[in-house]
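If you want the building blocks of each chain, they are given just below.
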Amino acid sequence: MGLKNNLHNLKEKYKGTKMAPAFNAIHTFLYLPNETTHNGTHIKVADDLKRTMNTVIMALVPCLIFGIFNAGYQHHAAINAAKGIATEVSLMGNFLTWDNFVIGAWTVLPLVIVSYVVGLAVEFVFAVIKGHEVEEGYLVTGMLVPLIVPIDTPLWMLAVAVIFGVVIGKEVFGGTGMNILNPALTIRAFLFFAYPTWMSGDKVWVHGAKAMEGQPDAISGETILGSLAQNQTVAYDWTDMFFGFIPGSVGETSALLILLGGLFLIFSKIGSWRIMLSSVLGAVVMGLIFNGVVDAGWISESSKFYGLMSTDFWMHLLIGGFAFGTVYMATDPVTASQTNKGKWIYGFLIGFISIMIRVFNPAYPEGVMLAILLMNVFAPTIDHYVVQGNVKRRMKRLKLKTA
Amino acid sequence: MIEHIELFFKSIFIDNMVFAVFLGMCSYLAVSKKVATAVGLGAAVIFVLAITVPLNWLLDQYLLQPGALKWLGAEYADYDLSFLSFIMFIATIATMVQLVEIVVEKFSPSLYNSLGIFLPLIAVNCAILGGSLFMQAREIETLGLALNYGVSSGIGWFLAILAIAAIREKIRYSNVPAPLRGLGITFIITGLMGIGFLSFGGMLTGGDEEEAPKEGEPTSQVETIETETETVVELANNTKIIE
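Cut-offs and rules
Residues numbered from 1 in each chain as written. Chains lettered and ligands numbered in written order. Predicted model: local features only at pLDDT ≥ 70, side-chain atom pairs only at ≥ 80, totals over all residues. Heavy atoms only, no water. Helix = DSSP H or I, 4+ residues; strand = E, 2+ residues; numbered from the N terminus. Rg over C-alpha atoms; globule rule 2.2 N^0.38 Å. Buried < 20%, exposed > 50% of the residue type's maximum accessible area, 1.4 Å probe, protein only. Contact = heavy atoms within 4.5 Å. Areas by Shrake-Rupley, 256 points an atom, 1.4 Å probe, with all protein chains shown as cover. UniProt positions renumbered as here; feature names shortened; annotations may be inferred. Axes fitted to C-alpha atoms, helices over the stretch in contact; angles between N-to-C directions. Parallel < 35°, antiparallel > 145°, perpendicular 65-115°, else oblique. Left-handed = near helix turned anticlockwise from the far one by under 90°. Nonpolar A, V, L, I, M, F, W, Y, C, P; charged D, E, K, R; others polar. Buried area = accessible area lost by both parts, 1.4 Å probe. Salt bridge = Lys/Arg side-chain N within 4 Å of Asp/Glu carboxyl O. Polar contact = N/O pair within 3.5 Å; in protein donor to acceptor, adjacent residues only side chain to side chain. Core = buried A, V, L, I, M, F, W, Y, C linked by side-chain atoms within 4.5 Å. Patch = residues over 30% accessible without salt bridge, like charges linked within 9 Å, V, L, I, M, F, W, Y side chains within 5 Å. Lys, Arg positive; Asp, Glu negative; His and termini not counted. Charge placed at Lys NZ, Arg CZ, Asp CG, Glu CD. Expected span 1.5 Å × (residues − 1). Arc of directions from axis to C-beta. Phe/Tyr/Trp six-rings, centres within 6.5 Å; stacked < 30°, edge-to-face > 60°. Lys NZ or Arg CZ within 6 Å of the ring centre and 35° of its normal.

### Examining the overall build of chain A
A tally of regular secondary structure across chain A gives 18 helices and zero strands. Over its C-alpha atoms chain A spans a radius of gyration of 23 Å, differing by no more than 12% from the 22 Å that the globule rule assigns to 403 residues. Referenced to the eigenvectors of the C-alpha coordinate spread, the extents of chain A come out at roughly 70 × 70 × 35 Å. A burial count over chain A gives 53% of its 403 residues as buried. Pairs at least 24 residues apart make up 72% of the contacts formed inside chain A by residues separated by at least 6 positions. For chain A, the computed accessible surface area is about 18700 Å², with 67% contributed by carbon and sulfur atoms.

What follows is the structure, encoded as structure tokens:
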């Protein structure tokens with residue numbers, strides 16, 4: 001218990017000074033505090049903010065590990081493809097290899113480290129200036145950010161975006177729990193609109209593609225959504241999409257692991273099943289509408305929208321970041337709707353709008369990020385009307401009773 | 001029919017009055033403290049836009065456009081009164097706002113009181129004049145489309161003020177840093193909401209026929225700026241010569 005005692009002593013030493021929150025934060029992060037309540041407790045719960053955040057991170061870790069292996073795998077697959085060799089995936093043969101892990105770890109772990117160091121530094125600075133305790137809010141955001149960016153995002157870019165996201169997206173509203181937009185998505189959106197060449201196209205999804213651009217052995221890897229938007233055929237079948245052996249942002253590819261993570265979040269009651277379910281419903285409805293349009297023959301194969309519109313509705317759930325966004329970001333308890341009825345509406349519209357943006361907006365091949373941001377904007381409005389509706393209904397009931 | 005639907009969604013989401021062209025900001029920022037008031041003002045803006053845009057369309061078609069006076073006789077065919085558009089549009093708008101004010105005062109005194117000075121100020125709300133001027137600049141073809149454009153850009157403005165009012169009610173108890181309280185945080189929220197609305201930017205472009213490339217607009221702007229600077233330089237030279 002040497003470290004704990006040392007930290008405790010430091011905490012006592014800096015008590016009342018400006019730096020106190022910083023030491024308190026390190027102490028609380030690593031250990032349970034020594035202090036206990038002196039009077040009788042009224043409510044006993046174990047799921048404080050720290051545990052909530054850790055649960056989500058636990059659900060994210062499989063995606064991170066898979067993302068590391070997939071980064072290496074896609075790198076080798078793209079090099080082979082440039083030589084004209086098609087790669088057939090086999091889990092033990094060429095996926096879970098030490099080589100893949102090393103390549104992936106060298107590219108993914110720096111993203112994780114930069115995201116945490118920069119983000120937590122901003123949090124610490126704000127806590128010290130404003131004189132409150134450091135809040136655990138950045139723990140999940142810091143893990144989400146590296147998982148939703150393309151693998152070769154330059155680290156300084158990520159650092160700039162993280163500072164923007166944490167300061168403008170969260171701290172100006174008063175810190176954790178007060179923000180309007182999901183901070184991870186704010187960071188992603190900032191990157192997307194500020195450095196578009198690094199966030200889309202066929203050069204950013206595979207490690208090394210940007211560096212080798214223009215060379216004779218140049219490699220490339222297009223996401224499925226990207227090729228569909230250009231009406232090209234897709235070389236992956238649905239099992240690849242489901243297990244995640246496809247190019248894409250670091251952690252978004254494996255629908256299976258995201259599904260497991262989602263079930264874990266539902267089981268531990270951290271994530272709202274209402275939002276997840278209704279969002280999937282919304283996506284299915286929109287996908288069926290588009291499939292219907294294609295079946296009715298209202299749209300010809302020459303149309304720009306044909307590739308994405310004719311994609312089977314269930315395929316939309318597997319490709320791109322839809323599953324990841326639905327499970328980990330739409331369910332963010334701060335920015336989502338707070339009321340149960342509101343959650344159904346909120347989730348449904350996220351699914352509906354994200355497929356709509358995917359199909360109709362050639363500028364953005366991926367719609368989930370923007371759909372969630374848009375619904376974050378409207379979540380307070382939805383809540384307001386749900387609450388007002390409840391108030392009105394109860395007033396009516398009250399009048400009936402008194403009359 | 002299809003162009004009606006397209007114009008409707010385009011003017012609500014893609015060319016949103018607040019988030020795409022940043023018009024009507026003064027009342028948007030000032031009257032968005034409570035949802036109920038915001039709804040009232042938003043409805044008033046929809047109403048005024050729905051009346052003024054078609055009216056101004058008629059004015060534009062039969063009075064102001066170059067050659068609009070043809071119906072008076074052949075000798076008037078080459079008259080161009082478009083320099084009068086601003087004053088005519090404003091006159092229509094002011095009249096209509098007076099009408100709305102009388103109606104609101106009569107039927108909903110509480111809303112009239114909560115809107116306060118901002119109801120007569122709709123007359124100088126740039127979203128309203130902007131609606132008419134965009135209608136003129138985009139050469140909207142029929143009266144029906146003009147009505148559609150008025151209503152739908154009004155709905156876009158209504159959605160924007162509704163969303164920000166709900167957000168401001170939500171963050172009322174947030175610990176916002178003191179220098180940012182009030183308008184500062186509202187501006188930041190508006191910017192973040194603009195990012196949310198960017199999801200619709202560029203939507204519906206493409207499709208079956210290729211649209212004209214949009215690169216022309218920025219370059220032409222640059223050119224005008226250049227010519228302006230040239231004239232300024234010329235003027236400066238002139239004054240020097242006079243000295």
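Now that the structure has been shown, the text picks up again.
### As for the UniProt feature "modified residue: FMN phosphoryl threonine" (unreviewed entry) in chain A
All names here are of chain A. Listed under "modified residue: FMN phosphoryl threonine" (unreviewed entry) in the UniProt record, and renumbered for this structure, are Thr-223. Relative to the assigned elements, Thr-223 resides in the loop between α9 (196-199) and α10 (224-229). Classification of Thr-223 by relative accessible area gives buried; the value is 12%.

### Digging into the UniProt feature "transmembrane region" (unreviewed entry) in chain B
Residues and elements named next belong to chain B. UniProt marks residues 12-31, 38-59, 79-104, 111-134, 146-167 and 179-200 with the feature "transmembrane region" (unreviewed entry), using the numbering shown here. Here residues 12-31 is 45% helix and 0% strand, with 20 Å between the C-alpha atoms at its ends. What you have in residues 146-167 is 100% helix and 0% strand, and the ends, taken at the C-alpha atoms, are 32 Å apart.

### With respect to the packing of helix α3 (residues 49-83) of chain A against helix α6 (residues 138-147) of chain A
Residues and elements named next belong to chain A. At their nearest, the axes of α3 and α6 sit 9 Å apart, and the two run at 15° to each other. The pairing of α3 with α6 is recorded here as roughly parallel in orientation. For the pair α3 and α6, the sense of crossing is left-handed. Where α3 abuts α6, its residues Met-53, Asn-54, Val-56, Ile-57, Leu-60, Cys-63 and Leu-64 lie against Leu-139, Val-140, Met-143, Leu-144 and Leu-147. Considered class by class, the residues forming the contact of α3 with α6 number 11 nonpolar, one polar and no charged.

### Describing the interface of chain A and chain B
Quite often, the size of an interface is put as the accessible area lost when its parts meet. Every contact between the two is made by 35 residues of chain A and, on the other side, 35 residues of chain B. Surface buried jointly by chain A and chain B totals about 2900 Å² across both partners, of which 73% is contributed by carbon and sulfur atoms. Where chain A touches chain B, the interface holds zero salt bridges. Our enumeration of links across chain A and chain B arrives at two residue pairs in polar contact (both at pLDDT 80 or more). Examining the composition of the side of chain A that touches chain B, we find that nine residues originate from one element, helix α18 (residues 368-402) of chain A, more than from any other. When its residues are assigned to classes, the side of chain A that touches chain B shows 22 nonpolar, 10 polar and three charged.

### Some words on the nonpolar core
Counting residues in each nonpolar core, the largest one holds 165 residues, and the members touching the most others are Tyr328(A) and Tyr28(B). The residues contacting Tyr28(B), other than those within four sequence positions of it, are Val18(B), Phe19(B), Trp157(B), Ala160(B), Ile161(B), Ile164(B), Thr190(B) and Met193(B).

### Looking at a positive patch on the surface
Residue and element names in this part refer to chain A. A surface patch of like charges, here positive, comprises Lys-341, Arg-393, Arg-394, Arg-397 and Lys-401. Ranked by the residues each element gives to the positive patch, the list is headed by α18, at four residues. Within the secondary structure layout, Arg-397 lies in helix α18.

### Here we look at helix α1 (residues 2-13) of chain A
All names here are of chain A. Taking 1.5 Å of rise per residue, the 12 residues of α1 would be expected to cover 16 Å, and the 16 Å separating its terminal C-alpha atoms lies within 8% of that figure. Every buried residue of α1 is listed here: Lys-4, Leu-7, His-8 and Lys-11. Taken end-on, α1 shows its buried residues confined to a sector of 100°, consistent with a single buried face. Where the residues of α1 are buried, they touch α2 (20-30).

### Description of the side chain of Asn376(A)
Assignment of secondary structure puts Asn376(A) in helix α18. In this view, Asn376(A) contacts Ile180(A), Leu181(A), Asn182(A), Thr335(A) and Tyr346(A); residues no more than four positions away in its chain are not counted.

### Quick word on the packing of aromatic side chains
What the rule picks out here adds up to 16 aromatic pairs over all chains. Centre to centre, the rings of Phe242(A) and Phe243(A) are 5.4 Å apart; their planes meet at 70°, and the pair counts as edge-to-face. Overall, the relative accessible area of 35% leaves Phe243(A) in the partly exposed class. Judged by centre distance (5.9 Å) and plane angle (85°), the ring pair of Trp273(A) and Trp344(A) falls under edge-to-face. Linking Trp273(A) in helix α13 (residues 273-295) with Trp344(A) in helix α17 (residues 340-360), this pair joins segments that are 71 residues apart in sequence. Trp344(A) gets classed as partly exposed once you look at its relative accessible area, which sits at 32%. An aromatic cluster is defined as three or more aromatic residues linked by ring pairs; in this entry it consists of Phe378(A), Phe19(B), Tyr28(B) and Phe197(B). Seen from the ring of Phe134(B), Arg138(B) lies directly overhead, with NZ or CZ sitting 4.6 Å from the centre.

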